[in-house]
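Structural features, examined
This is what each chain is made of:
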Amino acid sequence: MVFEKEKRNNKIILIAGVAAAVVGLAVFFIANRTAGILFLCIGVALFVIGFSIWNVFYKVEMMESLKSRDKNK
């Protein structure tokens, strides 16, 4: 599949989003509420964007799978 590099980059975005959300929660409870909420919002936004892109990759892969199945018949 031609999307291997994009899938890897998307996985990095998902991990960065989760990490930013966890750091945001830690900062919220330990140090500063405003900075914690900011990190949490950034982390959730990155995760949602990454999850949406992952969903598109999944649908494209399913379409390719169905097309190859039709060719085999």
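Structural data are supplied above this passage.
So, a few notes on the structure that sits alongside this text. This one's a predicted model, so the numbers in the text were calculated from it and none came from an experiment.

Observations regarding a nonpolar patch on the surface
Side chains of Val18, Val22, Val44, Phe47, Val48, Phe51, Trp54, Tyr58 and Met62 sit close together on the surface and give an oily, nonpolar patch of about 830 Å² of accessible area. Within the residue set of the nonpolar patch, elements represented by two or more residues are α1 (4–30) and α2 (33–72). When residues of the nonpolar patch are assigned to their parent elements, the largest contribution, 7 residues, is made by α2. Residue classification places Met62 among the partly exposed positions, given a relative accessible area of 38%.

Some details on the packing of aromatic side chains
Per the stated rule, a full pass over the model turns up 4 aromatic pairs. Measuring from ring centre to ring centre gives 6.3 Å for Phe47 and Phe51, while their planes differ by 20°; the resulting arrangement is stacked. Residue Phe47 and its partner Phe51 are located together in helix α2, separated by 4 residues, close to a single helical turn. The class of Phe51 is partly exposed, set by a relative accessible area of 42%. On the basis of an interplanar angle of 35° and a centroid distance of 5.6 Å, the ring pair of Phe51 and Trp54 is categorised as tilted. Here Trp54 and Phe51 lie together in helix α2, a separation of 3 residues that amounts to about one turn. When its relative accessible area of 43% is taken as the criterion, Trp54 is described as partly exposed. Within the aromatic cluster, the residues linked to one another by ring pairs are Phe47, Phe51, Trp54 and Tyr58.

Looking at the pattern of salt bridges
In the structure shown here, the tally under the stated rule is 1 salt bridge. With a closest N to O distance of 2.9 Å, Lys7 and Glu61 form a salt bridge. Taken together, the positions of Lys7 in helix α1 and Glu61 in helix α2 put the pair 54 residues apart, joining distant regions of the chain.

Describing α1
Taking 1.5 Å as the rise per residue, α1 with 27 residues should run 39 Å; its terminal C-alpha atoms sit 39 Å apart, in good agreement. Those residues of α1 lying buried are Asn10, Leu14, Gly17, Ala20, Ala21 and Gly24.

Concerning the environment of Ile49
Along the polypeptide, Ile49 turns up in helix α2. For Ile49, a relative accessible area of 48% corresponds to the partly exposed category.

What counts, and at which threshold
- Residues numbered from 1 in each chain as written.
- Predicted model: local features only at pLDDT ≥ 70, side-chain atom pairs only at ≥ 80, totals over all residues.
- Heavy atoms only, no water.
- Patch = residues over 30% accessible without salt bridge, like charges linked within 9 Å, V, L, I, M, F, W, Y side chains within 5 Å.
- Areas by Shrake-Rupley, 256 points an atom, 1.4 Å probe, with all protein chains shown as cover.
- Salt bridge = Lys/Arg side-chain N within 4 Å of Asp/Glu carboxyl O.
- Helix = DSSP H or I, 4+ residues; strand = E, 2+ residues; numbered from the N terminus.
- Buried < 20%, exposed > 50% of the residue type's maximum accessible area, 1.4 Å probe, protein only.
- Phe/Tyr/Trp six-rings, centres within 6.5 Å; stacked < 30°, edge-to-face > 60°.
- Expected span 1.5 Å × (residues − 1).

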